[in-house]
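Summary of structural features
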2 protein chains.
Amino acid sequence: MAKTREDEATRLDEAARAGWLYYVAGNTQDQIASKLGISRQAAQRLVSHSVAAGLVRVRIDHPIAACLERAESLKARYGLKYCEVVPSDPASASTILGVAEACAVEMERRLRRDEPTILAVGTGRTLRAAVEHLPPMACTQHRIVSLTGNIAPDGSASVYNVIYSMADQVKAPHYPMPLPVVVSTPRERELLHRQKVVELTLQLAAKAEVTFVGVGEVSARAPLVVDGFITADEREDLDRQGAVGEIVGWVYDSAGRLIDCRFNERVASAPIPPTSRGDVIAAAMGPAKTPAIRAAATGGLINGLITDEATAHRLLD
Amino acid sequence: MAKTREDEATRLDEAARAGWLYYVAGNTQDQIASKLGISRQAAQRLVSHSVAAGLVRVRIDHPIAACLERAESLKARYGLKYCEVVPSDPASASTILGVAEACAVEMERRLRRDEPTILAVGTGRTLRAAVEHLPPMACTQHRIVSLTGNIAPDGSASVYNVIYSMADQVKAPHYPMPLPVVVSTPRERELLHRQKVVELTLQLAAKAEVTFVGVGEVSARAPLVVDGFITADEREDLDRQGAVGEIVGWVYDSAGRLIDCRFNERVASAPIPPTSRGDVIAAAMGPAKTPAIRAAATGGLINGLITDEATAHRLLD
DNA sequence: TCCGCCATTGAATAATTGCTCAAACGAGAG
DNA sequence: CTCTCGTTTGAGCAATTATTCAATGGCGGA
């Protein structure tokens, strides 16, 4: 029963070997089986294991024309500095597929640079998925700073904890924010923001050359509600005030203006957009998020966007 | 005939899209066909085109990947039939770590076969360590034969006694060579080789389907000297004649040619490579042994190699 | 306009891969 | 030592992918 670490590591080694022989060297599973002295099924299991374990990374080196066109149109329409559109899979209802990979590629591109850079990251399922696609790197020259607290309403500290996974994967110094995402009162926020550590982190975030964020909608099924950052009543209230979207907690209307309300006064995240006016890149897709994305782009809360073809199409309508 | 640039670009776009849907989104070619409104074969052709055009990049995120690549390069460079590269442990200066285990694995793989096989083994610390990693087996169908004498210069019979440990561990009939490794004169060698038992063993060794050997360097700290098979003076003499390495006693130069000298005339081991032209697999690693390994591979003394990543790197420089 | 060349197409088929399931195996409890 | 339970194994089969081949049709040249 108790699997030793060693067993598991050996299995991964074998899986990686099989995966390499299959995907890189182009062997058939039969060939792999005979080379490794195992049965074809065992080879198949290893190959499939190597994929399941995330050892195999596939990427397509080609900006597909249609996507490129849409990306150019989006840049023109919303005055974006950066835009990436990935092909849609019409049959999938995923709000992550493709965008996460593309976001990871862009993150990697930034991290590959030699000049020390400050990267700020928000939170959310999309970013979470994105950092999982980052390859292991050694980027000690950069600093990664969190835009938002890492403490959930229930007091736990693990909600979509993007910054830790990212920093761990790319071996960069990181600056999390030991704060709740939403505090109880404006006064409490002020006190917490005065803490030395928090102050430093906020300063760093404000200087970030590039910022990666997710975009949330403000509906009954929004993460904001599901994850308990806000009650159903509060949400309806925001709805009445014209809220359409949310970035690291900051709620805004269809023009991309932060809403002047009690809720935003309690959000403890770093300001969006940061004062530095660096790149602020949102990764988001899906019909539900479309109005929130459009508003954020319109109001200049973001100046970069990674989305999919279908969402791009809706944004251009 | 004349393909327009535009046609080709469109085709690539489509190929990239199909490749993306296939490799990234995980669709089957049938699904892609219906989504793109083309036939299944057309989808297949697009996917295959996307690979052929180099649009699809696969990479394996695992240390093993680098090893497999190096192994392939080594096979190509030195025309080896078999090559295994194990990860290096940068923290260790061991000249055995990893290679012994890998050698044991390969031995085991050969021994697991049902068809009766003749395995020849040399001697040395590396092979010694390898057989210690063999699991207990019952391989009565195979025969294990020693390439070299088991009598040390001091008359003892226990020097790195690989064949006995191996045969004992895997329960196989075995044929040691009751000879010194190096005799006094060419004449003495001739006499000893005429003995019935020795003759039989040599014949068996010549027919071996697979031969496992270690590789020794010819320096002042070489096993050859340390274990007293050769005097310091003799070694210096060999040095002057261009000796860089040694396999079961046979001394060769940097091109992998056996050196025509007094010493080689007194070596009582079976010839290397064996006349059967079976697999001759060397297990060796480390900076000191690198020139010896390179020479053996270059000159065709061996056609299989088990080494570590760092040594592989040096061999490819 | 007609001809012939050759790239493209889809049907048929071969090869490969993925899945299911019963049997064998092995660790650990009794 | 034996039993049990969960895991691993490989055979058989279904699904998917790759290749072959004859038919089609577009295009340039006569």
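Here is what the cut-offs are and how they apply
- Residues numbered from 1 in each chain as written.
- Chains lettered and ligands numbered in written order.
- Predicted model: local features only at pLDDT ≥ 70, side-chain atom pairs only at ≥ 80, totals over all residues.
- Heavy atoms only, no water.
- UniProt positions renumbered as here; feature names shortened; annotations may be inferred.
- Contact = heavy atoms within 4.5 Å.
- Buried area = accessible area lost by both parts, 1.4 Å probe.
- Salt bridge = Lys/Arg side-chain N within 4 Å of Asp/Glu carboxyl O.
- Polar contact = N/O pair within 3.5 Å; in protein donor to acceptor, adjacent residues only side chain to side chain.
- Helix = DSSP H or I, 4+ residues; strand = E, 2+ residues; numbered from the N terminus.
- Nonpolar A, V, L, I, M, F, W, Y, C, P; charged D, E, K, R; others polar.
- Pairing = 2+ DSSP bridges.
- Buried < 20%, exposed > 50% of the residue type's maximum accessible area, 1.4 Å probe, protein only.
- Arc of directions from axis to C-beta.
- Near = heavy atom within 4 Å.
- Axes fitted to C-alpha atoms, helices over the stretch in contact; angles between N-to-C directions.
- Parallel < 35°, antiparallel > 145°, perpendicular 65-115°, else oblique.
- Left-handed = near helix turned anticlockwise from the far one by under 90°.

Looking at an unreviewed UniProt entry, one finds chain A named Sugar-binding transcriptional regulator, with Jiella mangrovi as its source organism. We quote the UniProt Sequence similarities (unreviewed entry) comment for chain A here in full: "Belongs to the SorC transcriptional regulatory family."

Here's the deal with the interface of chain B and chain A
Residue-level contacts link 27 residues of chain B with 36 residues of chain A. Between chain B and chain A the total buried area reaches about 3000 Å² when both faces are included, carbon and sulfur atoms providing 63% of it. Taken together, chain B and chain A are joined by 4 salt bridges. In this structure, A:Glu108 engages B:Arg59 in a salt bridge whose closest nitrogen and oxygen atoms are separated by 3.9 Å. Counting across the interface, chain B meets chain A through 7 residue pairs in polar contact (both at pLDDT 80 or more). Within the residue set of the side of chain B that touches chain A, elements represented by two or more residues are helix H1 (5–24), strand S1 (56–60) and helix H4 (63–78) of chain B. In terms of residues, the side of chain B that touches chain A owes the most to one element, H1(B), which gives 9 residues. Its residues placed into classes, the side of chain B that touches chain A shows 14 nonpolar, 3 polar and 10 charged. In this sheet, S1(B) lies alongside strand S1 (residues 56–60) of chain A in antiparallel orientation, the contact comprising 5 bridges. In the sheet register, A:Val58 faces S1(B), and the bridge partner there is B:Val58.

Structural notes on helix H7 (residues 162–170) of chain A
Residue and element names in this part refer to chain A. Within the sequence span of H7, burial applies to Val162, Ile163, Met166, Ala167 and Val170. The buried residues of H7 occupy one face: seen down the axis, they fall within an arc of 115 degrees. Looking at the buried positions of H7, the neighbouring elements they touch are helix H5 (99–112), strand S3 (118–121), helix H6 (125–132), strand S4 (143–151) and strand S5 (174–180). A positive backbone phi angle near 55 degrees is found at Lys171, which sits one or two residues after H7.

Section: the side chain of B:Thr311
Residues and elements named next belong to chain B. Relative to the helices and strands, Thr311 resides in helix H14 (residues 309–316). Within polar-contact distance, the side chain of Thr311 engages the backbone nitrogen of Gly286 at 2.9 Å. Those residues within four positions of Thr311 in sequence are excluded, and the remaining contacts are Met285, Gly286, Thr290 and Ile293.

Some details on the protein's contact with DNA strand C
The environment of DNA strand C is made up of 10 residues, and the closest members are A:Tyr22, A:Gln29, A:Arg40, B:Gln41 and B:Arg45. Within 4 Å of the protein, the contacting atoms of DNA strand C are 45% sugar and phosphate, with bases supplying the remainder. Within the contact set of DNA strand C, a phosphate oxygen lies 2.9 Å away from a side-chain nitrogen or oxygen of B:Ser39. Taking B:Gln41, its side chain carries an N or O atom lying 2.4 Å from a base nitrogen of DNA strand C. Mapped by element, the contributors of at least two residues to the surface near DNA strand C are helix H3 (40–52) of chain A together with helix H3 (40–52) of chain B. Of the residues in the surface near DNA strand C, the class split is 2 nonpolar, 5 polar and 3 charged.

Here we look at the protein's contact with DNA strand D
Close contacts around DNA strand D come from 11 residues, with A:Gln41, A:Arg45, B:Tyr22, B:Gln29 and B:Gln44 the closest. Taking all atoms of DNA strand D within 4 Å of the protein, the share assigned to sugar and phosphate is 44%. A:Arg45 has a polar side-chain atom sitting 2.6 Å from a base oxygen of DNA strand D. Between DNA strand D and the protein, one listed contact pairs a phosphate oxygen with a side-chain N or O atom of B:Tyr22 at 3.1 Å. Those elements that provide at least two residues to the surface near DNA strand D are H3 of chain A together with H3 of chain B. Taken together, the residues of the surface near DNA strand D sort by class into 1 nonpolar, 5 polar and 5 charged.

Here's the deal with the sheet that holds strand S9 (residues 250–253) of chain A
All names here are of chain A. Here 3 strands make up an open sheet; going across it, the order is S7-S8-S9 and the pairing antiparallel. On the outer flanks of this sheet lie strand S7 (216–217) and S9, each paired with one strand and no other. Where S7 and strand S8 (residues 243–247) come together, 2 bridges link them in antiparallel fashion. Residue pairing across strands places Gly216 opposite Glu246, the latter belonging to S8. Across the sheet, helix H13 (residues 290–298) lies against S7, S8 and S9, angled at about 75 degrees from S8, the strand it touches most.

A few points about the packing of H6(A) against H7(A)
Residues and elements named next belong to chain A. It is the contact of H6 with H7, at a shortest axis distance of 9 Å, that shows an interaxial angle of 10 degrees. Considered as vectors, H6 and H7 are oriented roughly parallel to each other. With respect to the hand of their crossing, H6 and H7 are arranged in left-handed fashion. When H6 is examined against H7, the residues Leu127, Arg128 and Val131 are found in contact with a partner set consisting of Val162, Ser165 and Met166. Within the contact of H6 with H7, the residues separate by chemical class into 4 nonpolar, 1 polar and 1 charged.

Section: unusual backbone geometry
The bulk of non-glycine residues show a negative phi, and the bulk of peptide bonds are trans. Residues and elements named next belong to chain A. Residue Pro273 is bonded to the preceding Ile272 through a cis peptide linkage, with omega at -10 degrees. One non-glycine residue, Lys171, adopts positive backbone phi at about 55 degrees. Relative to the elements of secondary structure, Lys171 occurs in the loop between H7 and S5. Of note in the backbone geometry, Val248 takes a positive phi value of approximately 40 degrees without being a glycine.

Topic: the sheet that holds strand S3 (residues 118–121) of chain B
Residue and element names in this part refer to chain B. Spatially, the 7 strands line up as an open sheet ordered S2-S11-S10-S6-S3-S4-S5, and their pairing is parallel. Among the strands making up the open sheet, the edge pair consists of strand S2 (82–86) and strand S5 (174–180). Across the sheet, the axes of successive neighbouring strands diverge by a mean angle of 15 degrees, strand direction being ignored. Running over the sheet, H4 touches S2 and strand S11 (304–308) and is turned about 145 degrees from S2. Along the sheet face, helix H9 (residues 196–206) touches S3, strand S4 (143–151) and S5 and points at about 120 degrees away from the line of S5.

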